[in-house]
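So you can see what is in the structure, the chains are spelled out below.
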Amino acid sequence: IWIGDPDEKWTSTEFETLGAKLHEMNDLLKDNVEYFSGRDVIDITEAMTYLLTDWDVLEEATHRVAKAAPRHDADPNSPGNGYRSLLQVTETCVSKILTRLRSCKANRENLLFNPQPYVTDLTDYSDILRTLRRMLQYAVVTDTVSDRNHLFMPESEADLEKDAIAVFQEIDCSCFYGRRVAFYHNPRVRGAFRVIVSAMVGYGAGFHDAPDENLINNSTVAVMKGMGCLLRPGNRAQDVVARFRSCDIPFAKGFWGLTDSVPLAQHTGSIVSPWMSVNKEVKIPITEQMLLTCFDTIPLVYGLNKKAIETPLDGLGEVEKEIESQQQNLSKAELQQLLYLITKRKGDKNYFPASQGREAVEST
């Protein structure tokens, strides 16, 4: 706990602006609570009082992480690590709250002032801030037992590391995927993230929840569920967290493989994503070894994958028939990957370039 001059608490860190925002937020909360509590406006008073709860704990944890963050940079010229990312998300959340509080103070005397939009926003961001506070507290623990200038805990603290990971997994992160999904990203890309998250939930409904193998029926279920998530973000949040925690590899492969296997999905990026300038293009040639290592722990898939790579072009038809005969023993993602590989080899005789290296091409 800081025991020096309060005015110098944040000036000794690289995150002085974050400290100033936290203190301004505290002052505005107290001012607004005092104003509305005297006028019996219960909802907004409770929302702001909820934000004030454990504010000292939040401020102290944030300060300690701010002091620790520079110690874990790869080098002084590359300021970046998980501690910094956590602080940046926290600062963005605090900035959002400050915007609402300033607006509330400026407009609260108006005759037509409606507190409900402020209550909704502040409730959402207060849930996020409380989740971030727990993350910051465990980041403090991680830094305390970590070796200086090392990001991970030492081997001697393996039990503590397991406990910390278990606690992190129990933290309810649904607040990050509801109405405020991707709030910490640039406004131009937030819409794309909303579409991706809703599409993930919709695809999950067709992948797991719909027992019918009919493609049209599954697609209909997926589209309806995805549209429902766009209209009701609260329903989306719990589903997304459940998908992430399940660590379902076939589901992840299938979802991210949609842009290769579904024609419409191939153009989704150009539809929902903002236009951005390209400052660097990196070409990574596909090699036989890269594809083989994707399935080296699954004997059946590894064998089929090896045949799909090594069989001469005139024998690919037999390999394709063998793959189709094993459909019952393959996941959807594995089947799509193998058939896609066959299709690419048939269409491009030079699909596997001889070069094993990486070729970086810079464009102006």
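You'll find the structure just up there.
Note that the structure is a prediction, hence the values are computed from the model and not measured. Here the residue numbers are simple positions, counted from 1 along each chain's written sequence. Confidence filtering applies because this is a predicted model: local features only for residues at pLDDT of at least 70, side-chain atom pairs given and counted only at 80 or more, and all residues used for totals across whole chains, interfaces and linings. Processing note: side-chain calculations cover all non-hydrogen atoms of the structure and skip hydrogens and water entirely.

On to the nonpolar core, then. Only buried residues count toward a nonpolar core. Its members are Ala, Val, Leu, Ile, Met, Phe, Trp, Tyr and Cys residues joined through side-chain atoms within 4.5 Å. Residue exposure (1.4 Å probe, protein chains only): buried if accessible area is under 20% of the type maximum, exposed if over 50%, otherwise partly exposed. Counting residues in each nonpolar core, the largest one holds 54 residues, and the members touching the most others are Met 25, Met 48, Ile 97, Leu 129 and Leu 132. Put simply, the parts of the chain that give this core at least two residues each are helix 1 (16-37), helix 2 (42-52), helix 3 (55-68), helix 4 (82-107), helix 5 (116-145), helix 7 (187-209) and helix 9 (233-246). Counting residues per element, this core draws most heavily on helix 5, which supplies eleven residues. Not counting chain neighbours up to four residues away, the residues in contact with Met 48 comprise Leu 29, Asn 32, Val 33, Phe 36, Leu 101, Cys 104 and Leu 122. Strands here are runs of E lasting at least two residues and helices are runs of H or I lasting at least four, both read from the DSSP assignment and numbered beginning at the N terminus. Residues are treated as being in contact if the distance between any of their heavy atoms lies within 4.5 Å.

Before going further, it helps to examine the pattern of salt bridges. Any Lys or Arg side-chain nitrogen located within 4 Å of an Asp or Glu carboxyl oxygen qualifies as a salt bridge. This model, assessed by the stated rule, comprises 15 salt bridges. With its nearest N and O atoms 3.0 Å apart, the salt bridge here joins Arg 108 to Asp 31. Within this pair, whereas Arg 108 is found in the loop between helix 4 and helix 5, its partner Asp 31 is found in helix 1, the two being separated by 77 residues in sequence. With a relative accessible area of 13%, Arg 108 lands in the buried category. Notably, a salt bridge pairs Asp 124 with Arg 179, separated by 2.8 Å at the nearest N-O pair. Note that Asp 124 is positioned in helix 5 and Arg 179 in the loop between helix 6 (158-170) and helix 7, a separation of 55 residues in sequence. Of the residues examined, Asp 124 reaches a relative accessible area of 11% and is grouped as buried. Taken together, the shared-partner salt bridges in this structure form one network comprising Arg 100, Asp 121, Asp 124, Arg 179 and Arg 180.

Turning next to the packing of aromatic side chains. The aromatic pairing rule takes the rings of Phe, Tyr and Trp, using the six-membered ring of Trp, and pairs them if the centres are within 6.5 Å, calling planes under 30 degrees apart stacked, those over 60 edge-to-face and the rest tilted. Summed over the entire model, instances satisfying the criterion amount to five aromatic pairs. Ring centres of Phe 36 and Phe 113 lie 5.9 Å apart, and the angle between their planes is 20 degrees; on these two criteria the pair is classed as stacked. With Phe 36 in helix 1 and Phe 113 in the loop between helix 4 and helix 5, this residue pair connects regions lying 77 residues apart in the sequence. This pair shows no difference in class: Phe 36 is buried, exactly as Phe 113 is. Overall, the relative accessible area of 17% leaves Phe 113 in the buried class. Only lysine NZ and arginine CZ atoms are considered, and such an atom sits over a ring when it is within 6 Å of the ring centre and within 35 degrees of the ring normal. Of note, Arg 108 hangs over the ring of Tyr 35, and the distance from its end group to the ring centre comes to 4.2 Å.

The values are spatial; any link to function lies outside them.
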